[in-house]
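The chain contents come next:
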Amino acid sequence: MSNLKAGALVLYKIRPAKVTEVADKITIELEGGKSKRVRDKDVVLLHPGPLDDLKSLQPMSGEVEENWELLEGAETDIKELSELVYGDYTPAMAWATWVLVSDGIYFEGEPEAIQPRSAEAVASEIETRNKKAAEEVAWDSFMARVRQGEILDEDRKILGEVEALALLKRDNSRILQALKLQENPVSAHRLLVKTGYWTLNENPYPRRMGVDESIPDYPVSDLMEEDRLDLTHLRAFAIDDEDNQDPDDAISIDGDRLWVHVADVAALVKPDSEMDIDARSRGANLYLPDRIVPMLPPRITDLLGLGLQQRSPSLSIAFQLSEQGEVGDVEIHPSWLKVERISYGEAEHRLDEAPFNSLLEKCQRYRSRRKAAGSATIQLPEVKIKAQNDQVEITPLEKLQSREMVTDLMLMAGEGIANYCLQRDIPIPFATQAPPDDAQQPADLAAMYAYRRQFKPTQVKTEAEPHSGLGLPAYSRVTSPLRRYSDLLTHQQLRAHLKGEDLLDLATISQRIAESEMGSMANRKTERVSNNHWRLIFLRDHPEWQGEGVIVAQEGERATVLIPSIAYEAKLRIRGEFSLNDSVKLKPREIDIPDLSCYFRLV
């Protein structure tokens, strides 16, 4: 480059540089004083110099628009454009001219060939830049409001990306990045609460788990006329929690014959109907502390819930219980009932009177047989959590004989139906459970906690296998068709059998089990984390709360404590002489609702 001399101003990459020596290579000085040797083709001459100091290259103002219009349609170079816009051609003016060209609004090109841009291009560029500048101002204002936790209504749309991350519908967020927060659902949850986008008590888990929260709304026909056994002369009791809204089973005794009556849901929900397909995808009712999402339209419960009408249609299961506690002589009848609804508490006070005393005696006999077969009695703390108007109530469930009695009667019905269907080759879902590695009969809370961890999960299969936890050789869930799809599927098969209609085959039953179990598993997980969510809200809203815990596991100073009054499992550090099953008093020291965690300390 023959006209390149020491002191010249050149462009190196996109920044100015001063030539300090010209030899086989060119030595240039960069901003900040650093020197660099480059080839002549690596630099572009902007001004021959002399340039005293790069610091003299400062922004300038000049007559830009006038000369842009003057040069319309012509080509110029850096020297002429500098003289037109800034009145002279000095190193500082040359650099200001090149900044004007590289800015790209009015001019474009290279130093030796510069063209003015068209009026349309200039107008478009200015509009784009103004829009971008306005967006940046709006973004900065938005982020300032987010940091303060005081958003406007129009901010909610922008924060939708944070909500999507909180609900696991995306894995990144520009907003969380700008705030230097971790891009995970917990951080997103915290920010949404801080800004008021979500309420303080927002439960994200149903949406995060992807469960269907809509209420089924399909047309429901009236019951068809059919022959039903009239059992209205029997005293039939639907025993459940006081606030139960979907009573789907009741019990009777007629001499030595036991009856378990179940809501005749399959009379209205036919296989492959819209209701059936939807219920199959849901798998079960979704029970949340603040609401219940049914798997079937509410009208089904209104029509078929036992005791909700003057006469209740039922699928009634009759059987005998032998002296050895074995279920036999099973009959199944569509029936009519008159049902009396009572709570577990009421039944508990009537266990000494007929017919409850007879029912209890038979259940105790049945329980003894199951225990001899290896059933395990695991009585870990249970509570009912209710949330209404953001007020949370936690009520421990009492260990009532009446509750155990009803459970045993339902197990009898399930075992009876399992054997009935096996004897007649009726394909149905069976509930099975493999035995634990070390069968036990735990007696205290710590032993029960440890033993439960050995349990294999219950599986629903088309092949009958033992259910070790229940101590039964074959078992089918059959008494909750209003709230669990596998029970409804069994009822559909039983009804088809009783009417002499075609049964669903094993492959179809297996496919329907798989479909419904996906929904059931999502519901169970949603229920578990939702209960924990509202449990922590209860603790947050009762800062004075203290409770008793029982040590159920210990490793050094690390202990696992069960808190019966809220049915919560806590981890904490304990110093001193403590043993399993010792009671300790504790209170929360840190509650993190988005993280679903609570740390306790001893008091």
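If you're wondering where the values come from, they're calculated on a predicted model, not measured in any experiment.

Caption draft 1: Fine view of the overall build of the protein chain. Across its full length, the protein chain carries 16 helices and 25 strands. The C-alpha radius of gyration of the protein chain comes to 39 Å, more than 25% above the 25 Å expected for a compact globule of 603 residues. Its C-alpha atoms give the protein chain principal-axis dimensions of roughly 120 × 65 × 45 Å. By the burial criterion, 49% of the 603 residues in the protein chain qualify as buried. For the protein chain, the computed accessible surface area is about 30100 Å², with 47% contributed by carbon and sulfur atoms. For the protein chain, the centre of its 74 positive side-chain charges and the centre of its 102 negative side-chain charges are spaced 5 Å apart.

Caption draft 2: A look at the sheet that holds strand β21 (residues 547-555). Reading across from one edge, β23-β22-β21-β24-β25 is the order of the five strands in this open sheet, with antiparallel pairing throughout. Unpaired on one side and paired on the other, β23 (568-573) and β25 (597-602) mark the two borders of the sheet. Recorded for the sheet is a direction-independent mean angle of 50° between the axes of neighbouring strands. Bridge count for β21 against strand β22 (residues 558-563) is five bridges, and the pairing is antiparallel. Bridge pairing in β22 places V550 opposite L562. Contacts from helix α14 (residues 445-452) reach β21, β22 and β23, with the element oriented near 55° to β21.

Caption draft 3: A look at the sheet that holds strand β3 (residues 26-30). If you trace the five strands from one edge of the open sheet to the other, you get β4-β3-β2-β1-β5, paired in antiparallel fashion. The two strands at the open ends of the sheet, each matched to only one other strand, are β4 (35-38) and β5 (43-47). Each adjacent strand pair in this sheet contributes to an overall mean axis angle of 45°, direction not counted. The sheet contact formed by β3 and β4 spans four bridges and is antiparallel. Note on β4: the bridge partner recorded for I28 is K36.

Caption draft 4: Fine view of the side chain of R280. With respect to the helices and strands, the residue R280 is situated in helix α9 (residues 274-282). The class for R280 is buried, based on a relative accessible area of 7%. Of the polar contacts made by the side chain of R280, one reaches the side chain of D272; its length is 3.1 Å. Once residues within four sequence positions are removed from consideration, R280 is found in contact with D272, Y485, R512, E515 and S516.

Caption draft 5: Representation of the packing of helix α15 (residues 485-499) against helix α16 (residues 506-541) in the model. At their nearest, the axes of α15 and α16 sit 10 Å apart, and the two run at 155° to each other. Accordingly, the angle class assigned to the pair α15 and α16 is roughly antiparallel. As α15 packs across α16, the resulting crossing turns out to be right-handed. Residue-level contacts link Y485, L489 and Q493 of α15 to I509, R512, I513 and S516 of α16.

Caption draft 6: Structural detail: the environment of L303. With respect to the helices, strands and loops of the structure, L303 is situated in helix α10 (residues 298-304). Each C-alpha atom of the pair L303 and Y86 lies 90 Å from the other, and the pair is 217 residues apart in sequence. Discounting residues that sit within four places of it in the chain, L303 has contacts with V220, S221, L268, Q309 and P313.

Caption draft 7: The arrangement of the packing of aromatic side chains in detail. Within the structure shown, the criterion is met by six aromatic pairs. Summarising the aromatic geometry, the rings of W545 and F600 are spaced 6.4 Å apart at their centres and angled 70° between planes, so their arrangement reads as edge-to-face. Remark: F600 occurs in strand β25 and W545 occurs in the loop between α16 and β21; sequence separation between them is 55 residues. Measuring from ring centre to ring centre gives 5.9 Å for Y568 and F600, while their planes differ by 50°; the resulting arrangement is tilted. With Y568 in strand β23 and F600 in strand β25, this residue pair connects regions lying 32 residues apart in the sequence. Pair check on accessibility: Y568 and F600 agree, each one buried. A connected cluster of aromatic rings, assembled from ring pairs, spans W545, Y568 and F600.

Caption draft 8: A look at a negative patch on the surface. On the surface, E63, E65, E66, E69, E72 and E120 cluster together to form a negatively charged patch. By residue number, the principal contributor to the negative patch is helix α1 (residues 64-70), which donates three residues. Position of E69 among the secondary structure elements: in helix α1.

Caption draft 9: Representation of the pairing of strand β1 (residues 9-12) in the model. Residues L9 and L11 of β1 are buried on one face, and the alternating residues V10 and Y12, pointing to the opposite face, are buried as well. Judged from the four bridges that link them, β1 and β5 form a sheet pairing that is antiparallel. From the neighbouring strand, L9 faces β5, where its bridge partner is H47. As paired elements, β1 and strand β2 (residues 15-22) share four bridges and run antiparallel to each other. Residue pairing in the sheet places L9 in a bridge with K18 of β2. The turn joining β1 and β2, which pair antiparallel and follow one another in sequence, is formed by two residues; a positive phi near 60° is taken by K13.

Caption draft 10: Region of interest: the side chain of S173. By the element assignment, S173 lies in the loop between α5 (155-166) and α6 (174-178). Take S173: its relative accessible area is 0%, and that puts it in the buried class. There is a polar contact of 3.2 Å between the side chain of S173 and the backbone nitrogen of I175. When neighbours within four sequence positions are excluded, S173 is seen to be in contact with E161, V162, L165 and E183.

Caption draft 11: Quick peek at the environment of D230. Here D230 is to be found in strand β8 (residues 229-230). A C-alpha to C-alpha distance of 20 Å links D230 and A496, two positions 266 residues apart in sequence. Looking at D230, its side chain comes within polar contact range of the side chain of T232, at 2.6 Å.

The rules behind these values
Residues numbered from 1 in each chain as written. Predicted model: local features only at pLDDT ≥ 70, side-chain atom pairs only at ≥ 80, totals over all residues. Heavy atoms only, no water. Helix = DSSP H or I, 4+ residues; strand = E, 2+ residues; numbered from the N terminus. Rg over C-alpha atoms; globule rule 2.2 N^0.38 Å. Buried < 20%, exposed > 50% of the residue type's maximum accessible area, 1.4 Å probe, protein only. Areas by Shrake-Rupley, 256 points an atom, 1.4 Å probe, with all protein chains shown as cover. Lys, Arg positive; Asp, Glu negative; His and termini not counted. Charge placed at Lys NZ, Arg CZ, Asp CG, Glu CD. Pairing = 2+ DSSP bridges. Axes fitted to C-alpha atoms, helices over the stretch in contact; angles between N-to-C directions. Contact = heavy atoms within 4.5 Å. Polar contact = N/O pair within 3.5 Å; in protein donor to acceptor, adjacent residues only side chain to side chain. Parallel < 35°, antiparallel > 145°, perpendicular 65-115°, else oblique. Left-handed = near helix turned anticlockwise from the far one by under 90°. Phe/Tyr/Trp six-rings, centres within 6.5 Å; stacked < 30°, edge-to-face > 60°. Patch = residues over 30% accessible without salt bridge, like charges linked within 9 Å, V, L, I, M, F, W, Y side chains within 5 Å. Salt bridge = Lys/Arg side-chain N within 4 Å of Asp/Glu carboxyl O.

Shape is all these values report; function is a separate question.
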